[in-house]
Amino acid sequence: MGSEMIGAIGLGALLLLMVLRVPVALAMLVVGVVGFAQVISWGAAIAQLKTVPVEVLSNYSFSAVPMFILMGVLAAHSGMAGKLFHSTRVICGGWKGGLAIAAVGSCGIFSAISGSSLATASTMTRVALPEMERYGYNRGLATGALAAGGTLGIMIPPSIALLIYAILTEQSVGDMFMAGLVPGLLGLVMYALTVSVVMRVKPSLAVAGEPTPWKQKLASLSGLVPFFAVFLVMILGIYFGAFTPTEGASVGAFATLLYALAKGMRGRELWRSVQETLALSSVVFFMLVGAETLGYFISVSRISFSITDFLYGMELSPMVVVLCILLLYFVLGMFMDAIAMLVITVPVVFPIIQSLGIDPVWFGIITVLTVELGLITPPVGMNVFVIKAMAPHVGLGEIFKGVAPFIVSDFLRLALLIAFPVLTTLFLL
């Protein structure tokens, strides 16, 4: 049996294991080890099993992952999220659908120091949903806005997904972060416009909030200061070369810790934050170990080269190939976690992208945006299920119905980024 056939069987086995609900990290690890053994030898596979975890866990670049997670956890537990929503609510006071716009804005700003869509969605739902329900907002609109707003965490830097893509493809983490800035902010603006359009079409879904004077709006900006301070220190420091992305993550985590201590966070709460960070980081690192093992198998099986040759034989244009890959991501996103999808597929599709001469940074941004779509698309939609867990009294059907206009908005944003690549390269060094 040829190595390409073994590679194809391995990928089929991987999909089967995931359908059987085997944890994604474990499925990648098993397929990677067994497949490598079939192509090379069992001795080499066992040796790889001993070295790969050490390589991943000792990789300096990956140390940024727990730092970004710690930032988000500390921000959630220290009361920063609550102050953030209060500030955005005051700023949007008197607007039709103002609370929903404030929720989307809060999600976008919280994403700037969280890096995780699921953490953003769960934190802001806990803070914002009771307030929207108290003012009589339609539950579908309220939860839909929060589910969509939560997806901004995967794009607005610092983003764990962009970090992992950069490391897997050996791109500059700083370039990926800067490239994600405009698409992330564009998503924030388009989500706010989506709420306004929905309000114009169906004004009965929400009521106007209490008007707030300009003096109060300006005073409320103080609640945004901690987020922008941490964000600007990290992003400007990385952009101007003051420190590496990994050092920037540590600086951001330390700054957030100082804020949490200043606000009275002490022993038990700090320990709970550390435990939550360790638990989330362990999941990510286990997936990275599995992905690295699977990547070695894919490399020796040469299946990615076979796929490249097949596409060359079809004489498709590079853009058609990109659209086919994005369609694959969109379909997978309906069933899989975003990070799991990236670590499984990037080792397969990236050699194809390289062979076609496509800008890897631009491709990474549109890939992550397509993955972001999967977070709110049925039948799975991870963000939707997070919202459902936080608000069990709201039906899944209501949430998916409420998030539908935001899915349309994301498709429009994706089309803009494909048509105008300069939107992703605007701030690159």
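This one's a predicted model, so the numbers in the text were calculated from it and none came from an experiment.

1. Some thoughts on the overall build of the protein chain
Thinking step 1. The secondary structure content of the protein chain amounts to 21 helices and zero strands.
Thinking step 2. In terms of overall size, the protein chain behaves like a compact globule, its C-alpha atoms giving a radius of gyration of 22 Å where 429 residues would be expected to give roughly 22 Å.
Thinking step 3. For the protein chain, buried positions account for 53% of its 429 residues.
Thinking step 4. Pairs at least 24 residues apart make up 80% of the contacts formed inside the protein chain by residues separated by at least 6 positions.
Thinking step 5. Total accessible area on the protein chain is roughly 17,800 Å²; 71% of this is exposed by carbon and sulfur atoms.

2. Some points on the state of the cysteines
Thinking step 1. Throughout the structure, instances matching the rule amount to zero disulfides.
Thinking step 2. Not part of a disulfide, cysteine 92 finds its nearest cysteine sulfur in cysteine 107, a span of 12 Å.

3. Notes on helix α6 (residues 98-114)
Thinking step 1. For α6, which comprises 17 residues, the first-to-last C-alpha distance of 24 Å matches the rise-based estimate of 24 Å (1.5 Å per residue) to within 8%.
Thinking step 2. Of all 17 residues that make up α6, 17 are buried, and the element is covered over most of its length.

4. Some points on helix α4 (residues 64-77)
Thinking step 1. For α4, with 14 residues, the first-to-last C-alpha span of 20 Å sits near the 20 Å given by 1.5 Å per residue.
Thinking step 2. For α4, the buried fraction is high: eleven of the 14 residues fall into the buried class.
Thinking step 3. Along α4, the residues classified as buried are Ala64, Val65, Pro66, Phe68, Ile69, Leu70, Met71, Gly72, Val73, Leu74 and Ala75.
Thinking step 4. Positive phi appears at glycine 79, one or two residues downstream of α4, with a value of about 95°.

5. With respect to the nonpolar core
Thinking step 1. Phe68, Met132, Leu146, Phe363 and Ile366 are the most contacted members of the largest nonpolar core, which has 143 residues in total.
Thinking step 2. Broken down by element, this core gets its largest block of residues, 13 residues, from helix α17 (residues 338-355).
Thinking step 3. Those residues in contact with isoleucine 366, other than ones at most four positions away along the chain, are Val322, Leu326, Leu414, Leu417 and Ile418.

6. Remarks on the packing of α6 against helix α7 (residues 117-134)
Thinking step 1. Between α6 and α7, whose axes approach to 10 Å, the crossing angle comes to 155°. Comparing the axis directions of α6 and α7 gives the class roughly antiparallel. The two elements α6 and α7 meet at a crossing, and its hand is right-handed. Contact residues: Leu99, Ala100, Ala103, Ser106, Cys107, Phe110, Ser111 and Ser114 in α6; Ala119, Thr120, Thr123, Met124, Ala128, Glu131 and Met132 in α7.
Thinking step 2. Tallied by class, residues from the contact of α6 with α7 come to nine nonpolar, five polar and one charged.

7. As for the pattern of salt bridges
Thinking step 1. This structure, assessed with the given rule, holds five salt bridges.
Thinking step 2. Ionic pairing is found between arginine 89 and glutamate 131, a salt bridge with its closest N-O pair at 2.2 Å. Of this pair, arginine 89 sits in helix α5 (residues 80-91) while glutamate 131 sits in helix α7, and the two are 42 residues apart along the sequence.
Thinking step 3. Given a relative accessible area of 16%, glutamate 131 falls into the buried group.
Thinking step 4. Each member of the salt-bridge network shares a partner with another, and the members are Arg89, Glu131 and Arg134.

8. Some words on a nonpolar patch on the surface
Thinking step 1. Side chains of Leu26, Val30, Val34, Trp42, Ile46, Leu49 and Phe286 sit close together on the surface and give an oily, nonpolar patch of about 580 Å² of accessible area.
Thinking step 2. At the level of elements, α2 (24-39) and α3 (42-57) are the ones that each hand at least two residues to the nonpolar patch.
Thinking step 3. Within the fold, tryptophan 42 resides in helix α3.
Thinking step 4. We classify tryptophan 42 as partly exposed; its relative accessible area is 48%.

9. A look at the environment of leucine 163
Thinking step 1. Counting through the fold element by element, leucine 163 comes out in helix α9 (residues 160-169).
Thinking step 2. By relative accessible area, which is 1% here, leucine 163 ends up buried.
Thinking step 3. The sequence separation of leucine 163 and phenylalanine 285 amounts to 122 residues, and the corresponding C-alpha distance is 13 Å.
Thinking step 4. Sequence-distant contacts of leucine 163, defined by excluding residues within four places in its chain, comprise Ser61, Ala64, Val65, Phe68, Val173 and Phe177.

10. A closer look at the packing of aromatic side chains
Thinking step 1. By the definition in use, this model includes five aromatic pairs.
Thinking step 2. Relative to phenylalanine 227, the ring of phenylalanine 110 lies with its centre 6.1 Å away and its plane at 55°, an arrangement referred to as tilted. Note that phenylalanine 110 is positioned in helix α6 and phenylalanine 227 in helix α12 (residues 225-239), a separation of 117 residues in sequence. Comparing phenylalanine 110 with phenylalanine 227, the two get one shared label, buried.
Thinking step 3. The interplanar angle of 85° and the centroid separation of 6.5 Å between the aromatic rings of tyrosine 165 and phenylalanine 350 together place this pair among those described as edge-to-face.

11. What to know about the environment of valine 371
Thinking step 1. Within the secondary structure, valine 371 is located in helix α18 (residues 360-374).
Thinking step 2. A C-alpha to C-alpha distance of 6.5 Å links valine 371 and phenylalanine 330, two positions 41 residues apart in sequence.
Thinking step 3. What valine 371 contacts, discounting residues up to four positions off in sequence, is Ile154, Tyr329, Ala338, Met341 and Leu342.

12. Here's the deal with the packing of α4 against helix α14 (residues 267-301)
Thinking step 1. At their nearest, the axes of α4 and α14 sit 9 Å apart, and the two run at 140° to each other. Taken together, the axes of α4 and α14 are oblique relative to one another. Here α4 runs over α14; the crossing is right-handed. For the pair α4 and α14, the contacting residues are Val65, Pro66, Ile69, Leu70, Val73, Leu74 and His77 in the first and Leu270, Arg272, Ser273, Glu276, Thr277, Leu280, Ser281, Val284 and Phe285 in the second.
Thinking step 2. Looking at side-chain class alone, the contact of α4 with α14 contains ten nonpolar, four polar and two charged residues.

13. So, the environment of methionine 28
Thinking step 1. If you trace the backbone, methionine 28 turns up in helix α2.
Thinking step 2. In the structure, methionine 28 is positioned 102 residues away from proline 130 in sequence and 40 Å away in space, judged by C-alpha atoms.
Thinking step 3. Among all residues touching methionine 28, those that are not within four sequence positions of it are Leu14, Met287, Gly290, Ala291, Leu294, Val343 and Ile344.

Basis of the calculations
- Residues numbered from 1 in each chain as written.
- Predicted model: local features only at pLDDT ≥ 70, side-chain atom pairs only at ≥ 80, totals over all residues.
- Heavy atoms only, no water.
- Helix = DSSP H or I, 4+ residues; strand = E, 2+ residues; numbered from the N terminus.
- Rg over C-alpha atoms; globule rule 2.2 N^0.38 Å.
- Buried < 20%, exposed > 50% of the residue type's maximum accessible area, 1.4 Å probe, protein only.
- Contact = heavy atoms within 4.5 Å.
- Areas by Shrake-Rupley, 256 points an atom, 1.4 Å probe, with all protein chains shown as cover.
- Disulfide = S-S within 2.5 Å.
- Expected span 1.5 Å × (residues − 1).
- Core = buried A, V, L, I, M, F, W, Y, C linked by side-chain atoms within 4.5 Å.
- Axes fitted to C-alpha atoms, helices over the stretch in contact; angles between N-to-C directions.
- Parallel < 35°, antiparallel > 145°, perpendicular 65-115°, else oblique.
- Left-handed = near helix turned anticlockwise from the far one by under 90°.
- Nonpolar A, V, L, I, M, F, W, Y, C, P; charged D, E, K, R; others polar.
- Salt bridge = Lys/Arg side-chain N within 4 Å of Asp/Glu carboxyl O.
- Patch = residues over 30% accessible without salt bridge, like charges linked within 9 Å, V, L, I, M, F, W, Y side chains within 5 Å.
- Phe/Tyr/Trp six-rings, centres within 6.5 Å; stacked < 30°, edge-to-face > 60°.

Shape is all these values report; function is a separate question.
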